[in-house]
Amino acid sequence: MTTVREPEPVHQADPPDDDLVLDVRDLRMRYGTTDVLHGVSFTARRGEVLALLGPNGAGKTTTIEILEGFRLRSAGAVRVLGADPGRAGEIWRARVGVVLQSWRDHGKWRVRELLAHLGSFYAAYSTDRIRRPWEVDELLAAVGLTEQAGRRVRQLSGGQRRRLDVAVGIVGRPELLFLDEPTVGFDPAARREFHDLVHRLADLDDTTILLTTHDLDEAEKLADRILILAGGRIIADGSADQLARQVAGEAEVRWSIDGDRFVHATADATRFVRELFRQHGDAVDDLEVRRTSLEDTYMAMVYEQETGAAGGAAVRALEESGR
Ligand SMILES: Nc1ncnc2c1ncn2[C@@H]1O[C@H](COP(=O)(O)OP(=O)(O)OP(=O)(O)O)[C@@H](O)[C@H]1O
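Residues numbered from 1 in each chain as written. Predicted model: local features only at pLDDT ≥ 70, side-chain atom pairs only at ≥ 80, totals over all residues.

### Some remarks on the domain arrangement of the chain
Here's step 1: Taken as a whole, the chain is organised into domain 1 (20-238) and domain 2 (240-321).
Here's step 2: Listed by partner, the interface residues are twelve residues for domain 1 and ten residues for domain 2.
Here's step 3: Listing elements by their share of the side of domain 1 that touches domain 2, those giving two or more residues are helix H7 (216-222), strand S8 (225-230) and strand S9 (233-238).
Here's step 4: In terms of residue class, the side of domain 1 that touches domain 2 is made up of nine nonpolar, two polar and one charged. (Domains from an automatic or database assignment. Contact = placed C-beta atoms within 7 Å. Helix = DSSP H or I, 4+ residues; strand = E, 2+ residues; numbered from the N terminus. Nonpolar A, V, L, I, M, F, W, Y, C, P; charged D, E, K, R; others polar.)

See below:
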């Protein structure tokens, strides 16, 4: 008997997308019997800056460590620069920069020597597009450590040491940079310089950056997109403006009449203020229009997630917090 085989279905593989630097789908992590990540999904494209926010213990460091290849996931599909970080090799590692929460080695080394030494490991991974490593004097200037170049690492202040952590993380000119709470201990000037450096890396070098921070002002200033991790899932993914619109009116209007203070959240502040004056005219005093801050949005979203409140509760919480 002759059997006729059905033609094999043709699998049209998607062309590799060089711009897709992070592709995380349904990532799960369990420590012992405790599930920490219940299905985390997000992507990041070349040159994007993402801020990963969430309450203490939400799983931000766990997520980042999995993407860095330092921790094995329990389940889910993860591609980082086109590879599985759990199995990727040396060449992949040379393309990834990491700034951990604290880094305490090499106290006897001098700053310049340490950076030159660590940088030398990246020379073999230079490409036509990216010359590795970063030239040491240029790097010292970029992180604001030129004056400390000859100092021993253990003689640096906390903030200077954190700058050195950043320098160590970027000395190999990474295409993808992970920053875990990068500005803890920075004074305001150092913080601003660091923000300039992040913008420069993303805008000029097309570096993709994923950072965790508890500083919502910093997240708003730095990130193209904000991810909020709570309850083991990403509960929000978008620009600060987009998130604000999801939660409530975009603006908060405050005013007083005869000494009594009022507050109202609205999507159309102009129309609301026009109506306010039409009704109360010159009696309106102390008028203030404020856009919903990322902090308001964050608090409302995390509150809603934690309490399991139905839609609309976040809006009410936001209004309460404004009173
Ligand atoms: N090695 C481990 N073994 C068991 N549990 C762990 C381990 N590492 C982390 N956890 C737990 O997993 C949860 C997530 O921790 P993780 O450090 O990822 O949170 P985080 O969002 O980075 O927190 P923070 O904002 O406080 O830095 C926490 O409940 C933590 O106690």
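### Structural notes on the packing of helix H3 (residues 111-120) against helix H4 (residues 136-143)
Here's step 1: Interhelical geometry of H3 versus H4 gives an angle of 120° and a closest axis separation of 10 Å. When the axis of H3 is compared with that of H4, the two are oblique. The way H3 lies across H4 gives a crossing that is right-handed. On H4, the residues that touch Arg112, Leu115, Ala116 and Gly119 of H3 are Val136, Leu139 and Leu140.
Here's step 2: Classifying every residue of the contact of H3 with H4 gives five nonpolar, one polar and one charged. (Axes fitted to C-alpha atoms, helices over the stretch in contact; angles between N-to-C directions. Parallel < 35°, antiparallel > 145°, perpendicular 65-115°, else oblique. Left-handed = near helix turned anticlockwise from the far one by under 90°.)

### With respect to the sheet that holds strand S1 (residues 20-31)
Here's step 1: Pairing in this open sheet of three strands is antiparallel, and the strands run S2-S1-S4 from one edge to the other. In the strand order of this sheet, the two ends are held by strand S2 (34-45) and strand S4 (75-80), each with one partner. Here the strands of the sheet are splayed against their neighbours by 15° on average, with no regard to which way each runs.
Here's step 2: Relative to S4, S1 runs antiparallel, the two sharing five bridges. Paired with aspartate 23 across the strands is arginine 79, a residue of S4. (Pairing = 2+ DSSP bridges.)

### A word on the pairing of strand S7 (residues 208-212)
Here's step 1: Burial within S7 is extensive, with five of its five residues counted as buried.
Here's step 2: When strand S3 (residues 49-53) meets S7, the two strands line up parallel, connected through four bridges. By the bridge assignment for S7, valine 49 is matched with isoleucine 209.
Here's step 3: Relative to S7, strand S6 (residues 176-180) runs parallel, the two sharing five bridges. Looking across to S7, one finds that phenylalanine 178 is bridged to leucine 210. (Buried ≥ 20, exposed ≤ 12 C-beta atoms within 10 Å, placed from the backbone.)

### Concerning the sheet that holds S3
Here's step 1: Sheet architecture is open: six strands sit in the order S5-S6-S7-S3-S8-S9, paired in mixed fashion. A strand with exactly one partner marks an edge of an open sheet, and here the two such strands are strand S5 (96-99) and S9. Across the sheet, the mean angle from the axis of one strand to that of its neighbour is 15°, orientation sign disregarded.
Here's step 2: For S3 and S8, the ladder comprises four bridges, and the chain directions are parallel. Paired with leucine 52 across the bridge in S8 is leucine 227.
Here's step 3: Together, S5 and S6 form the strand contacts of helix H5 (residues 158-170), whose direction differs from that of S5 by roughly 165°.

### What about the site of the ligand?
Here's step 1: Near the ligand, the surroundings consist of Tyr31, Val36, Gly54, Asn56, Gly57, Ala58, Gly59, Lys60, Thr61 and Thr62.
Here's step 2: In terms of residue count, helix H1 (residues 60-68) provides more of the shell around the ligand than any other element does, three residues in total.
Here's step 3: Among the residues making up the shell around the ligand, the classes are represented as three nonpolar, six polar and one charged. (Near = placed C-beta within 6 Å.)

### Quick look at the nonpolar core
Here's step 1: Among the nonpolar cores identified, the biggest contains 68 residues, and Ala51, Leu139, Ala167, Ile209, Ile226, Leu227 and Ile228 are the most heavily contacted of them.
Here's step 2: Residues from two domains meet in this core; each of domain 1 (20-238) and domain 2 (240-321) gives at least three.
Here's step 3: Apart from residues lying up to four places away in sequence, isoleucine 226 is in contact with Ala51, Leu53, Ala219, Ala236, Gly238, Ala240 and Leu243. (Core = buried A, V, L, I, M, F, W, Y, C linked by C-beta atoms within 7 Å.)

### Focus: unusual backbone geometry
Here's step 1: Residue proline 133 follows arginine 132 across a cis peptide bond; omega there is -5°.
Here's step 2: Of note, proline 133 is situated in the loop between H3 and H4.
Here's step 3: Backbone geometry places arginine 173, a non-glycine residue, at a positive phi of 45°.
Here's step 4: With respect to the secondary-structure elements, arginine 173 resides in the loop between H5 and S6.
Here's step 5: Even without being a glycine, aspartate 206 presents a positive backbone phi close to 60°.

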